[in-house]
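Understanding the architecture of this molecule
Here is what each chain is made of, one letter per residue.
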Amino acid sequence: MFTKATFALLSLLVAVHVFGEAPGGKRSSADGNCLQTTSEKDGLGVHVLPGTHKKLYSYNVDAKPAKEHKALCVSQSGLDSVLWHHGDGTGCFTITPKLVTKKNEAGEACPAYPFTRALPNTCMHMHHSEHARKDAIGCSYDMVFQRQDGSSADPHIVIGH
């Protein structure tokens with residue numbers, strides 16, 4: 001099977017190929033509360049895709065993040081995205097989004113899931129979110145992961161401009 005480093009590199013290369021260049025965009029106004037650099041101990045990665053301003057956040061579902069880690073602040077206009085994966089490429093997990101805020105920046109109801117690619121209804125080994133929906137700007141979510149071993153994690157995501 002793949003080593004952790006090989007799996008992460010392959011995932012990043014696939015994302016670079018799929019996404020090409022994106023226009024620059026304003027970042028979330030909450031940047032002080034946002035993850036800015038990779039945190040290996042929390043299983044969180046921040047990768048700027050070559051030739052773009054676009055960020056690809058990665059989350060190793062096998063990691064056991066600290067209770068108080070910073071949020072993944074995803075820029076909708078910058079076409080940022082998130083890749084959830086197992087560190088070693090084995091096992092599977094499900095994701096259930098939990099709304100933390102109920103209203104978006106326009107005062108309307110936040111969508112149940114903030115990204116354009118729908119979540120599969122089955123246990124998955126890896127999932128790439130695609131970019132955030134415009135109607136999710138100003139919304140925040142705990143993404144609750146249920147692992148095969150019964151344990152869970154809930155990284156926090158904030159959708160900004």
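Quick look at the structure, then. Remember, predicted model here, so these are calculated numbers, not experimental data.

So, about the overall build of the protein chain. Of the regular secondary structure elements, the protein chain holds 1 helix and 9 strands. Listing each helix as α and each strand as β along the protein chain from the N terminus yields α-β-β-β-β-β-β-β-β-β. Taken across its 161 residues, the protein chain has 45% of its residues classed as buried. Long-range pairs, those at least 24 residues apart, make up 67% of the contacts in the protein chain between residues at least 6 apart in sequence. For the protein chain, the exposed area adds up to about 8,200 Å²; of that, 56% sits on carbon and sulfur atoms.

Once that is clear, we can look at the state of the cysteines. In total, this model carries 3 disulfides according to the counting rule given. Cys-34 shares a disulfide with Cys-73; S-S distance 1.9 Å. An S-S torsion of about -85° defines the bridge between Cys-34 and Cys-73 as left-handed. Remark: Cys-73 occurs in strand β3 (residues 72–75) and Cys-34 occurs in the loop between α1 (4–19) and β1 (44–48); sequence separation between them is 39 residues.

Procedures and definitions
In this numbering scheme, every chain counts its residues from 1 along its sequence in written order. Residue-level local features of this predicted model are given only where pLDDT is at least 70; pairs of side-chain atoms are given and counted only at 80 or more, and the full residue set underlies all totals for whole chains, interfaces and linings. To get the side-chain values, take all heavy atoms of the structure and skip hydrogens and water. What counts as a helix is a DSSP run of H or I of at least four residues, what counts as a strand is a run of E of at least two, and both are numbered from the N terminus. Buried residues are those whose accessible area, probed at 1.4 Å on protein chains only, stays under 20% of the maximum for their type, while exposed residues exceed 50% and partly exposed ones sit between those limits. Contacts between residues were defined by any pair of non-hydrogen atoms, one from each residue, lying within 4.5 Å. The method behind every accessible area is Shrake-Rupley, applied with a 1.4 Å probe, and residues are considered shielded solely by the protein chains displayed. The definition used for a disulfide is geometric: two cysteine sulfur atoms within 2.5 Å.

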